[in-house]
Structure formats: structure tokens, C-alpha cells
Amino acid sequence: MDDRFDCIIVGGGIAGLSAAMVLARADAKFLLVERGEFCGAKNVSGGVLWGYDLARLVPNYWEGDDPGYERFVNHRRLSFLDESSAFSMDFKSATFDETPYMGVTVLRAKFDSWLAAQVQNVIDAGTHAEDSILATDILVDALEKDGDRVVGIRTGDEVFYADCVILAEGVNNLLTRQIGIEPAYVPADHVAVGVKEVIALPEATLRDRFQLSGLSGLTNEFVGAATSGVEGGGFLYTNRDSVSVGLVLAMADLRDKKRKPYDLLNEFKAHPAIADMLSGGEVLEYSAHVVSTGDVAAVPSRLYDNGVLVAGEAAHLLLNSGKAIQGMDYAMRSGILAAGTVLSAREAGDASADTLAAYQQALDDSYLMKDLRSFSDAVQLFHSPTMYQKVPNILCDFGRDFFGIDNEPSSKAADMLKASVKKHASLWEMAKLGYKAARSL
Ligand SMILES: Cc1cc2nc3c(=O)[nH]c(=O)nc-3n(C[C@H](O)[C@H](O)[C@H](O)COP(=O)(O)OP(=O)(O)OC[C@H]3O[C@@H](n4cnc5c(N)ncnc54)[C@H](O)[C@@H]3O)c2cc1C
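Basis of the calculations
Residues numbered from 1 in each chain as written. Predicted model: local features only at pLDDT ≥ 70, side-chain atom pairs only at ≥ 80, totals over all residues. Heavy atoms only, no water. Domains from an automatic or database assignment. Near = heavy atom within 4 Å. Polar contact = N/O pair within 3.5 Å; in protein donor to acceptor, adjacent residues only side chain to side chain. Nonpolar A, V, L, I, M, F, W, Y, C, P; charged D, E, K, R; others polar. Axes fitted to C-alpha atoms, helices over the stretch in contact; angles between N-to-C directions. Helix = DSSP H or I, 4+ residues; strand = E, 2+ residues; numbered from the N terminus. Parallel < 35°, antiparallel > 145°, perpendicular 65-115°, else oblique. Contact = heavy atoms within 4.5 Å. Left-handed = near helix turned anticlockwise from the far one by under 90°.

Colleague: Kindly report on the domain arrangement of the protein chain, identifying the contributing residues and their values.
Modeller: Taken domain by domain, the protein chain holds domain 1 (4-68 + 106-182 + 300-374), domain 2 (189-291) and domain 3 (384-440). Placing the centre of domain 1 and that of domain 3 at their C-alpha centroids yields a distance of 45 Å.

And the structure:
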């Protein structure tokens, strides 16, 4: 085998595999290197994969005998918690039952290896079946450079060369930092810690408890007492015969408050609203992973250089605007755009930074950077103590008054709300918050 490739992809997560699929479909000759024993072995998501890009990469993916996803999402809930109560916004729609699905829950070990198998099928059908490789259990130690140009990768004593390298190494982006695209020091407020358990429940229990039918699924995000006063939020997503439950916690606040993520997860699971959803379940798996906060300021100003592009969370491409975490669809789209740029560079016979700059432009033109910029205020708002502490307390106080019926004369709803606000904040503070929320969301 000639060990020069059109492209080498570092990382077999969502960004890397999406790039690989585009290259495989264009019959390019590429090498994808994943350090895990198999694609997905090291990866953690909540996780809901949003948007339609999966259907573009693997048309009709929902039809196969063994689709890689768990459930499609047709029911969404956002809950504000105080110590004893949950005040929720709930939305269910039959329009979300239509294919292609807008969101599917996934378990990464299964999903990533399924996606890798789809890529392998396309490779096998192409003319580079012998030469394009998905290699697992191999750590890329360094990038190989010739002057200021990236020309390949180094793993142990071996060097592999390519016209272009796509760094899709995820949030622990050591290689991206090695070549100076991101500074070596990453501020604590650019990253969070995600902790998650997968809890088995019989399918029939899941169906009854969460009102599911067929492969429909529920997503529930949580704000407030979910994180016991630490900046962050919680989630619960239904899988086929399990639920994924977890927290995403701001690294700096955890450090300052000296709290341990696992203790917080146990407290979350013991909250009356959550405990009821989990009762009878058996913990199958626990995982923890760093995750970007979704702050646009964390995205390096330039995601390309001579012979190299950075995709997915390696570039901190993730949005967490309160509605959902969008890291996987951002990884997928950026992987697709990176591979498209590699193909254009191959056609032009030029993988210099000048040519690869088209990738940055494509990102800027896509929903990724547009949303990251336009919702940057929403990200800040959701990270403010007013939002993750006072608002849930106000809503739960109001909920107890509004929904409680106690053989006493009742106040009007507006008076109940005013009383709840006054207990936890000032009317002025809430008016300012309402104004900011209306402008930023
Ligand atoms: C608890 C939690 C919940 C989340 N929930 C959601 C959710 O519900 N929805 C959503 O969209 N996003 C969610 N995210 C975010 C999402 O998981 C990430 O944004 C997404 O996985 C990023 O994809 P990626 O391909 O860029 O990186 P990754 O999925 O991290 O993949 C990177 C790959 O590169 C490999 N790698 C790294 N370095 C090397 C190297 N030197 N050599 C070889 N291989 C290497 C790794 O092993 C890994 O397989 C969540 C994250 C966490 C932690």
C-alpha cells in the first residue's frame, strides 16, 4: 500500500466519521485513525442528534434492520426544579413523527460503530476499497510538518502522509493546540464536565411511564435544583430499553464550590421528579467527559492552516442555548464541510491555507456559526445564577400556588406570580431578565 492519502482524519467520532462518509462517497483515498478500540468506545453524549444531516449521510437510515439510533424525538420537555417540585414546559407533536426525523436519541458506542460500518460499506463499493482505511486502537501522537505545512501524522515510529489532515479529535484537542490553532491554555469557563448514567428499564415500563409508542421518544432537560446550585443543567433521554440521565456542570463553578460531579448526579437522581422516572431501573453504565460550554468566544478565530482543518468539538463547535445541547449535529455538519473543502482542494491540487480558507467561509455561511453568534447572549443568560437558580424557584413557588387547591380563598394568578417573584428576586430584576430573554432567545 502506498501510504500517501488524499486525506487523513484524526478521530472516529461524529465529526471524523461524517467527513469520512463524504470522502468515501467521492471515492477519495483516506485514512481515519481512532484511538479507541472501536469507533465510539471513548465517546459520550446525552445524547440527541438533532437535524437532518444524518439522513443526508445515510439516506433512509431509519429503514434498516439495525438502525444506529435508539428513538426518534416527538416529545420535548423543559423542567425548572426547586428542591421538591418541577415546573415544566411540555411539547408533543405528531409532525415530529415524520421521516426524516428531526432528532434521534443515540448511545455513542453503538451509534459511532454503526456509522463506521456505513462508511466501510461505501468504501467497499468504491475503487479505493483496498487503500482507504478506518484504523482503530491507534493513537496519533503528533502531526508531521514540513516547514509551516502539515503533511501527515505520526503514530509511534510510523509516519503517514496526506495532502490534507482533518483534526476531528474532540474537545481534548491536543493536536489542535500543538499546531497553535488553539492556545495551549484553555480557560476553565470554556469547558464543562458531563456526567451520565445509562439506566436499564424494561421496554414496556418505558412505554407506559413516558407515554411512548413504537420508537417514539421523550427528551427532558432540567434547570435549577438539578445541579444543586452549581452552574449547569440536567437531562433525561429515552432509549429503546434504557434512559440516559446526566448533568453538564460548569468546570469553574464546580471547582469554586468544591463539589464532585458524581455526588451531584446522585442528588439529581434522588430529586422526587426524577426518582419517579427512574424507579426500578438498573444502572448499566457510568461515564464522564469534558464538553465545551458553547461559548462562541471559545471557537478559535481560524480553523484551518496549510494542510490542516479542524472540525467538531476540537474547534469547540457546540451550542447550548438552553433548548438543547447541539454538539453532535455541529460535529456532523463541520465534518461534512471540512471533507467538502478537502475535495475542492484536491481538485485544485492545492491544500494551502489560502485554499482551505473556504472551510471557514462555509462554516460562517452555515447555521453553525450563524446560531453560535446570534445565540451567544442566550448562552450567557442560561449560565447566569438568576436563570439557573432564581427563575426555577419562582416558577415552582408559583406552580405550588397555582395548581394547589386548599379550601382557602385563592389569589389571582398575576398576584401569585408577583408574590413568588418578590420572595426570590425583585420585580425589576425579573423585568430586566424578561427583556434580555426576549432579545436573546
Ligand atoms: C454528558 C454529555 C452530554 C451531551 N449531550 C449531547 C446531546 O444530547 N446532543 C448533542 O448534540 N451533543 C451532546 N454532547 C456533546 C457531543 O457529545 C459532542 O459535541 C460530540 O461528541 C463532538 O463530536 P466530535 O466528533 O467532534 O468529537 P468526539 O465525539 O469526542 O470524537 C473525537 C474522537 O477522536 C478520538 N481521538 C482523540 N484524540 C485522538 C488521537 N490523538 N488519535 C486518535 N484518535 C483520537 C477520540 O477517541 C474520539 O473518538 C454531550 C456531551 C456530553 C459530555
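Moving on from the coordinates now.
Colleague: Please give an account of the site of the ligand that cites residues and values.
Modeller: Near the ligand there are 34 residues, and of these E34, S45, G46, R108 and E313 occur at the shortest range. Within the side chain of S45, an N or O atom sits 2.5 Å from an oxygen atom of the ligand. Interatomic distance of 2.6 Å between a side-chain N/O atom of E313 and an oxygen atom of the ligand. Partitioned by chemical class, the residues of the shell around the ligand number 16 nonpolar, twelve polar and six charged. Counting contributing residues, the shell around the ligand receives three or more from each of domain 1 (4-68 + 106-182 + 300-374) and domain 2 (189-291).

Colleague: Help me get a handle on the packing of helix 9 (residues 328-348) against helix 11 (residues 367-374), residues and values and all.
Modeller: Interhelical geometry of helix 9 versus helix 11 gives an angle of 135 degrees and a closest axis separation of 10 Å. Regarding the angle of helix 9 to helix 11, the classification is oblique. On helix 11, the residues touching D329, Y330, R333 and S334 of helix 9 are Y367, L368, D371 and L372. Considered class by class, the residues forming the contact of helix 9 with helix 11 number four nonpolar, one polar and three charged.

Colleague: Which residues make up the packing of helix 1 (residues 14-25) against helix 3 (residues 108-125), and what values do they have?
Modeller: Remark: helix 1 packs on helix 3, axes separated minimally by 9 Å, with the N-to-C direction vectors making an angle of 15 degrees. Comparing their axes, helix 3 and helix 1 come out roughly parallel. The two elements helix 1 and helix 3 meet at a crossing, and its hand is left-handed. In this structure, helix 1 contributes I14, L17, A20, M21, A24 and R25 to the contact, and helix 3 contributes R108, F111, D112, L115, A116, Q118, V119, V122 and I123. A per-class count over the contact of helix 1 with helix 3 returns eleven nonpolar, one polar and three charged.

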